[in-house]
Amino acid sequence: MSKILIRGAKVLGGAPQDVLIDGETIAGTGAGLSAEGAEVVEAGGKVLLPGLVDLHTHLREPGREDSETVLTGTRAAASGGYTAVFAMANTFPVADTAGVVEQVWRLGQEHGYCDVQPIGAVTVGLEGRKLAELGAMHESAAGVTVFSDDGKCVDDAVIMRRALEYVKAFGGVVAQHAQEPRLTEGAQMNEGVVSAELGLGGWPAVAEESVIARDVLLAEHVGSRVHICHLSTAGSVEIVRWAKSRGIQVTAEVTPHHLLLTDELVRTYDPVYKVNPPLRTERDVMALREALADGTIDIVATDHAPHPHEDKDCEWAAAAMGMVGLETALSVVQETMVDTGLLDWAGVADRMSVKPAQIGQATRHGRPVSAGEPANLTLVDTEYRGLVDPAGFASRSRNTPYQGRELPGRVTHTWLRGKATLVDGKLT
């Protein structure tokens, strides 16, 4: 593998410097590094970050290859600056055995656009009644450390307690989809003024908050780790903040769309805005941004949820929930967090690379941009602004809420272990 010299990059948004890649490793950083024998990439002041890590991606394979595959999903990830993604378990068949998680892991290895770490189901078939093969999935070649029934809540407190106890033995984490099912029966959008005016079934904030409150107390009781998926309300922020003040081992994520979009968009009845959990109020959005800035919310995770055209291009009530997010996540974070002054680029690297890698134990990712570290990197043109055009997405699906919207920033290059997966905005 040849040498690559990235010349004049702002590492984590700092002063321009050179970064030399030799094989799979960063060989050196600093001013005026020799380009002898190296391919030169002129960064021209673009921002260089450690490769992004997504703790919450739906790759759909096996079973829903009409929505996404491991190949198309990892190509989308590389386009968005990601070098590792964690693939959720709600596939067909469900990733609740060592065999299925190994299949997903090997597909990621074969395609090579980013590392794929499968997430194992907490319960058999995501049915919430019996623990899945947590130990076998952890001991498999995939080495699963994160378990989630995402798409469904582990609503049985006894099952949740047992899962927390089980994963504690090997340092794993249970990632909870916080949605009390009885409180959300027939829900179509956030419960509030807009739902009342539109006559759509409301999804109350307490349906999320009550599960989070229960689970942080269970985690404290057991002494185990719990992670909260796609946290979406101001009340949830306060519960997590309280739990952390007590020393409870809880981490939380927010999606890009919950940092930017509100339930006012549902007035259009466009199913592209139908998502789980639903878009909330402006007050919730502001609380989420502040919590991400102060560290109460640990990470940004995309909840990339691809769907075929026919599952979204229909009436609101019949439409599937979810949005694609891998190729726009960094732009939305720049818009909501960097350009507003809430985070600098070092903070973005922390929330979108370092901490998600730590939570998921992806030890080769989220590393410093310094000599001797793996060359998992992404280069971002932060001065760019352009309209989002899903026709150019690498994802198999196009259900983005940002079509035609101007967003800042553009990933120009991505390197996975020193190999370029994206060059000048084009996949290799």
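Residues numbered from 1 in each chain as written. Predicted model: local features only at pLDDT ≥ 70, side-chain atom pairs only at ≥ 80, totals over all residues. Heavy atoms only, no water.

1. Looking at the packing of aromatic side chains
Here is the rule we go by: For Phe, Tyr and Trp, rings pair up if their centres lie within 6.5 Å, where Trp contributes its six-membered ring, and each pair is then called stacked (planes under 30 degrees apart), edge-to-face (over 60) or tilted (otherwise). Over a ring means this: the NZ of a Lys or the CZ of an Arg is within 6 Å of the ring centre and within 35 degrees of the ring normal.
Taken as a whole and assessed by the stated rule, the structure comprises 2 aromatic pairs. When the centroid spacing of 6.5 Å and the interplanar angle of 70° are considered together, the rings of Tyr166 and Phe170 count as edge-to-face. Within the aromatic cluster, the residues linked to one another by ring pairs are Phe147, Tyr166 and Phe170. The residue whose ring lies beneath Arg410 is Tyr384, and the NZ or CZ to ring-centre distance is 5.8 Å.

2. Considerations on the sheet that holds strand E6 (residues 52–57)
The criterion, for reference: DSSP calls a pair of strands paired once it identifies at least 2 bridges connecting them. For the purposes of this entry, the term helix denotes a DSSP run of H or I that reaches at least four residues, the term strand denotes a run of E that reaches at least two, and both are numbered from the N terminus. Fitted lines through C-alpha atoms give the axes, limited to the stretch in contact for helices. The angle between two N-to-C directions lies from 0 to 180 degrees. Residues are treated as being in contact if the distance between any of their heavy atoms lies within 4.5 Å.
Read from one edge to the other, the open sheet built from 3 strands follows the order E6-E7-E8, with strand pairing classed as parallel. Strands at the two margins of the open sheet, each flanked by one partner only, are E6 and strand E8 (115–118). The mean angle between the axes of side-by-side strands here comes to 20°, regardless of whether they run parallel or antiparallel. In terms of strand pairing, strand E7 (residues 82–87) meets E8 through 4 bridges, oriented parallel. Opposite Ala87, over in E8, you have Pro118 as the bridge partner. Against the sheet, helix H2 (residues 98–111) contacts E7 and E8, and its axis sits at roughly 175° relative to E8.

3. Observations concerning the side chain of Glu209
For the record, the criterion: Only protein chains enter the accessibility calculation, which uses a 1.4 Å probe. A residue is then buried if its area is under 20% of the maximum for its type, exposed if over 50%, and partly exposed in between. A residue counts as positive if it is Lys or Arg and as negative if it is Asp or Glu; His and the chain ends are not included. We count a salt bridge whenever a side-chain nitrogen from Lys or Arg sits within 4 Å of a carboxyl oxygen from Asp or Glu. For this analysis, a polar contact is any N or O atom pair within 3.5 Å, provided that within protein one partner can donate a hydrogen and the other can accept it, and provided that sequence-adjacent residues contribute only side-chain to side-chain pairs.
Mapped onto the elements, Glu209 comes out in helix H6 (residues 205–222). Salt bridges are absent for the buried Glu209, whose nearest opposite-charge side chain, Arg283, sits at 6.9 Å. A polar contact is formed between the side chain of Glu209 and the side chain of Thr233, at a distance of 2.6 Å. Dropping the residues within four chain positions of it, Glu209 is found in contact with Thr233, Gly235, Ser236 and Ile239.

4. Overview of the sheet that holds strand E9 (residues 146–147)
As summarised here, the arrangement of the 5 strands in space is E9-E10-E13-E14-E15, forming an open sheet in which the pairing is parallel. Sheet topology places E9 and strand E15 (299–300) at the edges, where each strand pairs with a single neighbour. Pairing of strand E10 (residues 173–176) with strand E13 (residues 226–228), which is carried by 3 bridges, proceeds in the parallel orientation. Its bridge partner lying in E13, Val174 is registered against Val226. In the packing of helix H4 (residues 157–168) onto the sheet, the strands contacted are E9, E10 and E13, and the crossing angle to E10 comes to about 145°.

5. With respect to the pairing of E10
Applicable threshold: When the strands point away from the viewer and the connection leading from the first strand across the helix to the second strand turns clockwise, the crossover is called right-handed.
Because side chains alternate across E10, one face comprises the buried residues Val173 and Ala175, and the other comprises Val174 and Gln176, equally buried. Note: E9 against E10, 2 bridges, orientation parallel. Among the inter-strand pairings, Val146 is bridged to a residue of E10, identified as Val173. Read as a crossover between parallel neighbours, the route from E9 over H4 to E10 is right-handed.

6. Focus on the confidence of the model for the protein chain
Rule in force here: Predictor confidence is given residue by residue as pLDDT, running from a minimum of 0 to a maximum of 100.
Confidence in the prediction for the protein chain averages 97 pLDDT; 100% of positions are at 70 or higher. Mean pLDDT values for the elements of the protein chain range from 95 in helix H10 (residues 309–312) up to 99 in strand E14 (residues 250–254).

7. Comments concerning unusual backbone geometry
Cis geometry is adopted by the peptide bond preceding Pro62, which originates at Glu61 and carries an omega value of 10°. You can see Pro62 is positioned in the loop between E6 and helix H1 (70–79). Between Asn276 and Pro277 the backbone carries a cis peptide bond, its omega angle lying at -5°. Relative to the helices and strands, Pro277 resides in the loop between helix H8 (256–260) and helix H9 (282–294).

8. Things to note about the pairing of strand E18 (residues 419–423)
Note that strand E17 (residues 406–416) and E18 share 3 bridges and pair antiparallel. When the sheet's bridge partners are listed, Trp415 is paired in E18 with Ala420. Hairpin geometry of E18 and strand E19 (residues 426–427) is characterised by an intervening segment of 2 residues between the two adjacent antiparallel strands and by a positive phi of about 50° at Asp424.

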